[in-house]
Amino acid sequence: MKLLVAALASELSAFPEELDGFDRLVTGPGKLQATYALTRALDARDYDEIVVVGTAGAIDPTLESTVHEVETAFQHDVTDLDGIAGQHVSLPARVTTGRTGVLIATGDHFVDDAEVTAVIRPSGAALVDMETYAYIWVAEQFGVPIRVFRAVSDQAEDGALSDWRAAVARCSVQLRDVIRSEYGV
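A brief structural summary. (Residues numbered from 1 in each chain as written. Predicted model: local features only at pLDDT ≥ 70, side-chain atom pairs only at ≥ 80, totals over all residues. Heavy atoms only, no water.)

**Describing the pattern of salt bridges**
So, point 1. On inspection of all chains with the given rule, the structure shows nine salt bridges.
So, point 2. With a shortest N-O distance of 3.9 Å, Glu-17 and Arg-24 are connected by a salt bridge.
So, point 3. Under the relative-accessibility criterion, Glu-17 is labelled exposed at 62%.
So, point 4. Judged by relative accessible area, Arg-24 falls into the partly exposed class, the value being 30%.
So, point 5. One salt bridge in this structure joins Asp-23 and Arg-45, with 2.8 Å as the shortest N-O distance. Taken together, the residues span a long stretch of sequence, with Asp-23 in strand E2 (residues 22-26) and Arg-45 in the loop between helix H1 (31-44) and strand E3 (49-58) at a distance of 22 residues.
So, point 6. You can call Asp-23 partly exposed: its relative accessible area is 22%.
So, point 7. The class for Arg-45 is partly exposed, based on a relative accessible area of 37%.
So, point 8. The structure contains a network of salt bridges with shared partners spanning Glu-69, Arg-99, Arg-147 and Glu-182. (Salt bridge = Lys/Arg side-chain N within 4 Å of Asp/Glu carboxyl O. Buried < 20%, exposed > 50% of the residue type's maximum accessible area, 1.4 Å probe, protein only. Helix = DSSP H or I, 4+ residues; strand = E, 2+ residues; numbered from the N terminus.)

Encoded structure:
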């Protein structure tokens, strides 16, 4: 059995309620809710794989507005004791899915500001979201393989929240098509 995970129910709007071979989990947005909900789910049942779907803002302006698989995540909203951005005092700087894909910057606020995007862009991140780092970290703690698919919903700059609201249904359809293609369901 696999676990299909999304932060918001709207990101699963194109998915059937029941998907053969998958349990479904909606965690809520942000790193804390993602960590809590996924930890509880993995503590309650064994899964062969975690499959995360959801939306993300594009930090790389050349990135196609399609679905991208994530390879690595870091937290763009933390600093260590020396003030180094992206480094946490007790967590790894980066976590990986072990798959080939893009780098995503995770933080606890919805990025919709060109100035914030400009600060994150030099990291090399292609995308920005609010949960991926937490999902990958929790999966590592439980030793469960994880795949993360993110559909580009906006450009993570001024007006991004309005763009996200308009795009989430389209993104869900794109994500559903990827799951159908990758898993045959």
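**Structural notes on the nonpolar core**
So, point 1. Counting 32 residues, the largest nonpolar core has Leu-38 and Ile-50 as its most contacted members.
So, point 2. For this core, the secondary-structure elements that each account for two or more residues are strand E1 (2-6), H1, E3, strand E4 (67-75), strand E6 (102-106), helix H3 (132-142) and strand E8 (146-154).
So, point 3. Sort the elements by how many residues they give to this core and H3 lands first, with six residues.
So, point 4. Residues within four places of Leu-38 in sequence aside, it is in contact with Leu-3, Val-5, Leu-25, Thr-27, Ile-50, Tyr-135 and Val-138.
So, point 5. Counting residues in hydrophobic clusters, the runner-up holds 17 residues, among them Ala-6, Phe-22, Phe-149 and Tyr-183. (Core = buried A, V, L, I, M, F, W, Y, C linked by side-chain atoms within 4.5 Å. Contact = heavy atoms within 4.5 Å.)

**Focus on the layout of surface pockets**
One simple way to see leftover space: roll a probe sized like a water molecule over the atoms.
So, point 1. Of the volumes computed, that of the largest pocket is approximately 240 Å³.
So, point 2. Lining the largest pocket are 19 residues, and of these Thr-55, Phe-110, Asp-129, Met-130 and Trp-164 sit closest to its centre.
So, point 3. Only E3, strand E7 (127-129), E8 and helix H4 (160-183) provide two or more residues apiece to the lining of the largest pocket.
So, point 4. For the lining of the largest pocket, the residue count by class is eleven nonpolar, four polar and four charged. (1 Å grid on protein atoms, 1.4 Å probe; cavity = no way out; pocket = protein on both sides within 12 Å on 5 of 7 lines; lining within 4 Å. Points joined across faces, edges and corners; volume = space filled by probe spheres on them. Nonpolar A, V, L, I, M, F, W, Y, C, P; charged D, E, K, R; others polar.)

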